[in-house]
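# Tertiary structure, described
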Amino acid sequence: MTDIEKKLYSDDNIDVTTFKCPNCGGGSVFDAKTQKLKCLYCGSLFDIENKKEEIVVERNLNELISKGEVWKEAEVYQCQSCGAKEIIENQKVSHVCPFCGTKNVVKIEELPGLKPQGIVPFKLDKKMAGQCALKFVKRKLYAPRKFKKSAKPENIHGIYNPVFTFDCLTLSAYSGRLGKNYIVNHIVNGKMVTETRTKVFNISGSYDQFFDDFVVQASSKIPIEVVRTLEPFSTKQALSYKPEYLLGFGANTYDKQGDACWQESQNLMRLSIESSILKKYDYDVKYSLNVSTKFSNEQYKYVLVPIYVGHYKYKNKLYNFFVNGENGKVAGKTPVSAGKVCLTIFIVLLVLGLIVLLYYLA
Ligand SMILES: [Zn+2]
Ligand SMILES: [Zn+2]
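## Brief notes about the coordination of the zinc ion (ligand 1)
The coordination sphere of the zinc ion (ligand 1), as far as protein atoms go, consists of Cys21 (SG), Cys24 (SG), Cys39 (SG) and Cys42 (SG), spread over 2.2 to 2.4 Å. One can describe the site at the zinc ion (ligand 1) as tetrahedral: its four donor atoms subtend angles covering 97 to 119° at the metal. In primary-sequence terms, the residues that donate to the zinc ion (ligand 1) follow C-x2-C-x14-C-x2-C. According to the relative accessible area criterion, Cys39 is buried, its value standing at 0%. Note on Cys42: relative accessible area 39%, which makes it partly exposed.

In structure tokens, the structure reads:
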């Protein structure tokens with residue numbers, strides 16, 4: 001184990017008592033680089049037993065509404081400073097809040113909800129996540145130069161974010177009215193006039209589409225725009241859930257229930273179906289479109305996906321950043337330099353002014 005790794009882990013004050021190293025008796029955490037458990041003291045590596053054929057099986061949707069396996073082994077902690085809730089499994093931790101950086105995190109009496117069926121384990125370690133966050137800052141055009149130079153990714157924590165994925169077959173019947181524009185030239189009072197007219201036509205038909213692993217976020221703790229920027233996560237290759245993957249990491253609690261996620265997923269699928277139907281036609285105006293969709297063979301899985309959360313400090317303010325724990329994509333806000341923004345506006349106005357001037361001269 002390198003010094004950097006030691007420091008990173010010691011920042012968390014992790015005291016993992018459940019998975020003792022057979023060589024030295026020390027606690028271990030999940031190591032993203034090797035995809036194994038790693039002893040925090042002697043660095044020994046241990047396989048996590050998870051056979052290939054254990055790749056998550058989707059479940060029938062009825063099961064989601066009626067019953068689901070409760071996540072018994074895990075406990076919910078809450079940050080007393082910012083209110084963030086986190087699920088931690090089977091470990092004694094003196095924990096730092098990933099969102100605000102304070103140590104004011106306590107266990108609360110709340111159930112963690114459904115036990116996840118699948119997990120997409122972290123592939124990047126904290127160090128790599130920090131490097132991605134640094135590169136992200138360097139690319140920010142409007143960040144102050146001083147910040148770009150001194151930015152330091154701090155308090156990096158791996159957090160699993162809960163998502164529901166849905167599979168289903170859809171069959172839709174539709175009818176509607178569309179219009180296509182065309183141009184007519186005619187002569188009025190000896191002058192040529194160009195007129196745009198619209199040819200209206202009716203459409204109807206049927207359309208079927210299979211949706212595979214349609215992802216809906218179950219937690220709003222990380223803003224949806226952020227998660228959309230970080231996507232995709234390889235939920236199709238999710239492994240079956242094992243508590244070992246959570247050692248050294250936390251998980252966000254979900255605030256949207258499975259049935260609400262299924263509702264949301266249906267609404268999003270309907271939008272996608274509508275746009276796919278319209279794509280079949282050459283039109284300029286949509287007057288009406290009625291689509292009636294039947295959903296069948298619905299299946300779901302509840303999966304945890306890996307996100308690193310950390311922050312930069314600048315002028316006593318914290319700026320959270322988020323890193324996709326699989327592919328290193330970064331999202332988040334950085335400070336903005338007022339000077340750089342003003343300069344851009346000035347240049348844009350100058351160019352616009354020049355164009356107007358040239359137009360009048362010509
Ligand atoms: Zn050991
Ligand atoms: Zn907090």
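## Section: the pairing of strand E2 (residues 28-31)
Bridging between E2 and strand E3 (residues 36-39) involves four bridges; their strand directions are antiparallel. Within the sheet, the bridge partner assigned to Val29 lies in E3 and is Lys38.

## Remarks on the coordination of the zinc ion (ligand 2)
The coordination sphere of the zinc ion (ligand 2), as far as protein atoms go, consists of Cys79 (SG), Cys82 (SG), Cys97 (SG) and Cys100 (SG), spread over 2.2 to 2.3 Å. Positions of the donor residues of the zinc ion (ligand 2) along the chain correspond to the pattern C-x2-C-x14-C-x2-C. Residue Cys82 is located in the loop between strand E6 (74-79) and strand E7 (85-89), and its partner Cys100 is located in the loop between strand E8 (92-93) and strand E9 (105-108); the two are separated by 18 residues in the primary sequence. You can call Cys82 partly exposed: its relative accessible area is 35%.

## Focus on helix H6 (residues 258-279)
Between the first and last C-alpha of H6 there are 31 Å, a value that for 22 residues agrees with the 32 Å anticipated at 1.5 Å per step. Looking at H6, one finds that the buried residues are Gly258, Cys261, Trp262, Ser265, Gln266, Met269, Ile273, Ser276, Ile277 and Leu278.

## Some details on the pattern of salt bridges
Summed over all chains, the structure comprises 15 salt bridges. Residue Asp284 pairs with Lys180 through a salt bridge whose shortest N-O separation is 3.6 Å. Note that Asp284 is positioned in the loop between H6 and strand E15 (285-314) and Lys180 in strand E11 (residues 154-188), a separation of 104 residues in sequence. Look at Asp284 and you get partly exposed, because its relative accessible area is 40%. In this structure, Glu195 engages Arg197 in a salt bridge whose closest nitrogen and oxygen atoms are separated by 3.4 Å. Judged by its relative accessible area of 31%, Glu195 falls in the partly exposed class. Of the residues examined, Arg197 reaches a relative accessible area of 36% and is grouped as partly exposed.

Cut-off values and rules
Residues numbered from 1 in each chain as written. Chains lettered and ligands numbered in written order. Predicted model: local features only at pLDDT ≥ 70, side-chain atom pairs only at ≥ 80, totals over all residues. Heavy atoms only, no water. Donors = N, O, S within 2.8 Å, 3.2 Å for Na, K, Ca; no water. Tetrahedral: all angles 85-135°; square planar, octahedral: opposite > 155°, others 65-115°. Buried < 20%, exposed > 50% of the residue type's maximum accessible area, 1.4 Å probe, protein only. Pairing = 2+ DSSP bridges. Helix = DSSP H or I, 4+ residues; strand = E, 2+ residues; numbered from the N terminus. Expected span 1.5 Å × (residues − 1). Salt bridge = Lys/Arg side-chain N within 4 Å of Asp/Glu carboxyl O.

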